[in-house]
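Descriptive structure summary
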Amino acid sequence: MTTSTLRRALTTTATVGVLLLAATACSDDSSAEQTPTTASASSSAPASAPASASASPTGSDRSTPMDIRVTIDGQEVEATLNDSPAAHDLASLLPLTLDLKDFHGTERIADPPRKLTTENAPEPLAPKAGDLAYFAPWGNLAIFHKDGPSASEDLLVLGHIDADADVLSGADRITIEATS
């Protein structure tokens, strides 16, 4: 549970950093004095500007959490979806109640009502216990109660469920709802 709390804190910290960068970039630039300062800063440090620009989209694609309400066999647990296109597509289907079945003693799986988008998928990650993922070839959702295999382009991590492995491994039914 400490790993989940640490992961959530790091995600929140990364989100705040991305928002601060975005707010700085979008700040009022109607003043003529601000334009030269910005140009001067970017020309004096050309290597750092592209690194920040490339780091921000990657970070925001995976780090901006969307809180969701998850109930597993009648027990409400905390959960978030990441900011990937597939996670947004799943959110558009909410609320969902799905019956789960075991898959290889590592995950519980279920079929959503339709396949999710895989366009603009972020870099693959190896799933960890508690991760909610989408296996594109079969079109199913997976809730990992053990760490999964190595990263695969076919498996998109959509978010994380903060529940004990015992709760996840025996789960028969999950309800996922958007928070208000």
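Attention here is on the structure that accompanies the text. (Residues numbered from 1 in each chain as written. Predicted model: local features only at pLDDT ≥ 70, side-chain atom pairs only at ≥ 80, totals over all residues. Heavy atoms only, no water.)

With respect to the overall build of the protein chain
Helices and strands together make up the secondary structure of the protein chain, namely 5 helices and 9 strands. Scanning the protein chain from its N terminus toward the C terminus, one meets helices and strands in the order α-α-α-β-β-α-β-β-β-β-β-β-α-β. Contacts in the protein chain between residues far apart in sequence, at least 24 positions, make up 65% of those at least 6 positions apart. Total accessible area on the protein chain is roughly 10,200 Å²; 56% of this is exposed by carbon and sulfur atoms. (Helix = DSSP H or I, 4+ residues; strand = E, 2+ residues; numbered from the N terminus. Contact = heavy atoms within 4.5 Å. Areas by Shrake-Rupley, 256 points an atom, 1.4 Å probe, with all protein chains shown as cover.)

Quick word on the packing of aromatic side chains
With the rule as written, the count across this model stands at 2 aromatic pairs. A centroid spacing of 5.4 Å and a plane angle of 85 degrees characterise the contact between F103 and W138, whose relative ring orientation is edge-to-face. Linking F103 in strand 4 (residues 101-103) with W138 in the loop between strand 6 (131-135) and strand 7 (140-144), this pair joins segments that are 35 residues apart in sequence. Owing to a relative accessible area of 51%, W138 belongs among the exposed residues under this scheme. Judged by centre distance (5.1 Å) and plane angle (80 degrees), the rings of F135 and W138 are edge-to-face. One aromatic cluster is present, built from ring pairs that chain together F103, F135 and W138. (Phe/Tyr/Trp six-rings, centres within 6.5 Å; stacked < 30°, edge-to-face > 60°. Buried < 20%, exposed > 50% of the residue type's maximum accessible area, 1.4 Å probe, protein only.)

Side note on the environment of T71
Tracing the chain through its elements places T71 in strand 1 (residues 66-72). Separated by 104 residues in sequence, T71 and T175 have C-alpha atoms that sit 5.1 Å apart. If we ignore the near neighbours within four places in the chain, the residues touching T71 are E76, R173, I174 and T175.

Thoughts on the pattern of salt bridges
Evaluation of the coordinates by the stated rule reveals 3 salt bridges. For the salt bridge of D99 with R173, the shortest nitrogen-to-oxygen distance reads 2.9 Å. With D99 in strand 3 (residues 96-99) and R173 in strand 9 (residues 173-178), this residue pair connects regions lying 74 residues apart in the sequence. With a relative accessible area of 42%, R173 lands in the partly exposed category. Across the pair D172 and R108 runs a salt bridge whose closest N-O atoms are separated by 3.4 Å. Highlighted residues: D172 in the loop between helix 5 (165-169) and strand 9 and R108 in strand 5 (residues 107-110), separated in sequence by 64 residues. The class for D172 is partly exposed, based on a relative accessible area of 46%. (Salt bridge = Lys/Arg side-chain N within 4 Å of Asp/Glu carboxyl O.)

Quick notes on the side chain of D131
The residue D131 is located in strand 6 in this model. In terms of polar contacts, D131 uses its side chain to reach the backbone amide nitrogen of K128, at 2.9 Å. (Polar contact = N/O pair within 3.5 Å; in protein donor to acceptor, adjacent residues only side chain to side chain.)

Details of the environment of A126
Within the element layout of this structure, A126 appears in the loop between strand 5 and strand 6. Of the residues examined, A126 reaches a relative accessible area of 30% and is grouped as partly exposed. Once the C-alpha coordinates of A126 and E153 are considered, the two residues, 27 residues apart in sequence, prove to be 9.9 Å apart. In this view, A126 contacts D131, P149, S150 and A151; residues no more than four positions away in its chain are not counted.

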